[in-house]
Amino acid sequence: MIEVRWHGRGGQGAVTSVELLAVAAISAGKFAQGFPSFGPERRGAPVAAFTRIDDKKINVRSGIYEPDVVLVLDSSLIGLINVTEGLKPGGKLIVNTPKTPEEIRKELNFGDTVATVDGTGIARKEMGVPIANTTMIGALLKVIGIMDLEAMNDAINHRFGRIAQKNLNAMKRAFDEIKISN
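Residues numbered from 1 in each chain as written. Predicted model: local features only at pLDDT ≥ 70, side-chain atom pairs only at ≥ 80, totals over all residues. Heavy atoms only, no water.

A.B. asks: Tell me about the overall build of the chain, and name the residues and values.
C.D. replies: Counting its secondary structure elements, the chain contains 6 helices and 7 strands. The globule rule puts the C-alpha radius of gyration for 182 residues at 16 Å, and the 15 Å found for the chain is close to it. Taking the principal axes of the C-alpha coordinates as reference, the chain spans close to 40 × 40 × 35 Å. In the chain, which comprises 182 residues, the share counted as buried stands at 50%. (Helix = DSSP H or I, 4+ residues; strand = E, 2+ residues; numbered from the N terminus. Rg over C-alpha atoms; globule rule 2.2 N^0.38 Å. Buried < 20%, exposed > 50% of the residue type's maximum accessible area, 1.4 Å probe, protein only.)

Here is the structure:
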């Protein structure tokens, strides 16, 4: 089972991303859960959302406290919250930033896999808005390798309609442009 914790800010689409990923995984024949962590969040406040994906039935119904992967939609959260808290040994950290993996590794004193991609820059170029949630799905899929990008097509087309292709293009660019350092 792969467990992913997403860190973002209210309004950046973390909840949308986990839902899209779960729907696509289920459509691809996997078992999945996607759920937010709700509290007194408001637009711009730090939020967390979670995804579980497995090839067999998922019986656990709790929050994710020791994820395999942490994905950070907004790099300004680094230093504000401990994004690596509970990350399993050998875990993977994916950050939406123009910085290199080595810069993030040094900033966080993190020794495992770090992957970075300028998801916001890609979103601006491909979609005309700085909302990188679907873009970062591409980065996640490259790092974890649990599904092909094409598995996202139906979920994104259904959710975004006429602007779906822009989201798919951004997702593909992040998949292709992510930098991974083990």
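A.B. asks: Which residues make up the packing of helix α1 (residues 14-27) against helix α5 (residues 153-160), and what values do they have?
C.D. replies: For the pair α1 and α5, interaxial distance at closest approach is 8 Å and the crossing angle is 130 degrees. On the basis of their axis angle, the class for α1 and α5 is oblique. Taken as a pair, α1 and α5 cross one another with a handedness that is right-handed. Where α1 approaches α5, its residues Thr-16, Glu-19, Leu-20, Val-23 and Ala-24 are matched on the opposing element by Ala-155, Ile-156, Arg-159 and Phe-160. (Axes fitted to C-alpha atoms, helices over the stretch in contact; angles between N-to-C directions. Parallel < 35°, antiparallel > 145°, perpendicular 65-115°, else oblique. Left-handed = near helix turned anticlockwise from the far one by under 90°. Contact = heavy atoms within 4.5 Å.)

A.B. asks: Quick rundown of the environment of Lys-30? Include the residues and the values.
C.D. replies: On the secondary structure map, Lys-30 appears in the loop between α1 and β2 (31-37). Lys-30 sits in the buried class, given a relative accessible area of 17%. Between the C-alpha atoms of Lys-30 and Lys-172, which are 142 residues apart in sequence, the distance is 21 Å. Once residues lying within four places of it in the same chain are set aside, the contact partners of Lys-30 are Ala-25, Ile-53, Asp-54, Asp-55, Ile-146 and Met-147. Looking at Lys-30, its side chain comes within polar contact range of the side chain of Asp-55, at 2.8 Å. (Polar contact = N/O pair within 3.5 Å; in protein donor to acceptor, adjacent residues only side chain to side chain.)

A.B. asks: Give a detailed account of the sheet that holds strand β4 (residues 69-72), specifying residues and quantitative values.
C.D. replies: Across the sheet, which stays open at both edges, the 7 strands sit in the order β2-β3-β1-β4-β5-β6-β7 with mixed pairing between neighbours. Each having just a single partner strand, β2 and β7 (179-181) make up the two edges of the open sheet. With strand direction ignored, the average angle separating the axes of adjacent strands in the sheet is 15 degrees. Alignment of β2 against strand β3 (residues 46-54), held across 7 bridges, turns out to be antiparallel. Residue pairing across strands places Gly-34 opposite Thr-51, the latter belonging to β3. Across the face of the sheet, helix α4 (residues 133-144) comes into contact with β1 (2-9), β4, β5 (92-96), β6 (113-117) and β7 while running at roughly 150 degrees to β5. (Pairing = 2+ DSSP bridges.)

A.B. asks: Please set out the side chain of Arg-52 residue by residue, giving values where relevant.
C.D. replies: Turning to its location among the elements, Arg-52 is positioned in strand β3. In this structure Arg-52 comes out as buried when scored by relative accessible area, which is 1%. At 2.7 Å, the side chain of Arg-52 forms a polar contact with the side chain of Glu-3. Among the polar contacts listed, one links the side chain of Arg-52 to the backbone oxygen of Gly-63, at a separation of 3.1 Å.

A.B. asks: Now, about unusual backbone geometry: what can you tell me, with residues and values included?
C.D. replies: Phi at Asn-109 is positive, roughly 50 degrees, even though this residue is not glycine. Considering the arrangement of structural elements, one finds Asn-109 in the loop between α2 (101-108) and β6.

A.B. asks: Give a description of the nonpolar core that names residues and reports values.
C.D. replies: Counting residues in each nonpolar core, the largest one holds 41 residues, and the members touching the most others are Trp-6, Leu-21, Ile-94, Leu-140 and Met-152. With sequence-adjacent residues up to four places away left out, Ile-94 is seen in contact with Val-69, Val-70, Leu-71, Val-72, Ala-115, Met-136, Ala-139, Leu-140, Val-143 and Ile-178. In this structure, Val-83, Leu-87, Ile-104 and Val-114 belong to the second largest nonpolar core, which totals 10 residues. (Core = buried A, V, L, I, M, F, W, Y, C linked by side-chain atoms within 4.5 Å.)

A.B. asks: Outline the packing of α5 against helix α6 (residues 164-177), listing residues and values.
C.D. replies: Viewed as axis vectors pointing N to C, α5 and α6 meet at an angle of 140 degrees, and their least axial separation amounts to 8 Å. Classed by the angle they form, the pair α5 and α6 counts as oblique. In this structure, α5 crosses over α6, and the sense of that crossing is right-handed. Contact residues: Asn-153, Ile-156, Asn-157 and Phe-160 in α5; Ala-164, Asn-167, Leu-168 and Met-171 in α6. Looking at the contact of α5 with α6, its residues break down into 5 nonpolar, 3 polar and no charged. (Nonpolar A, V, L, I, M, F, W, Y, C, P; charged D, E, K, R; others polar.)

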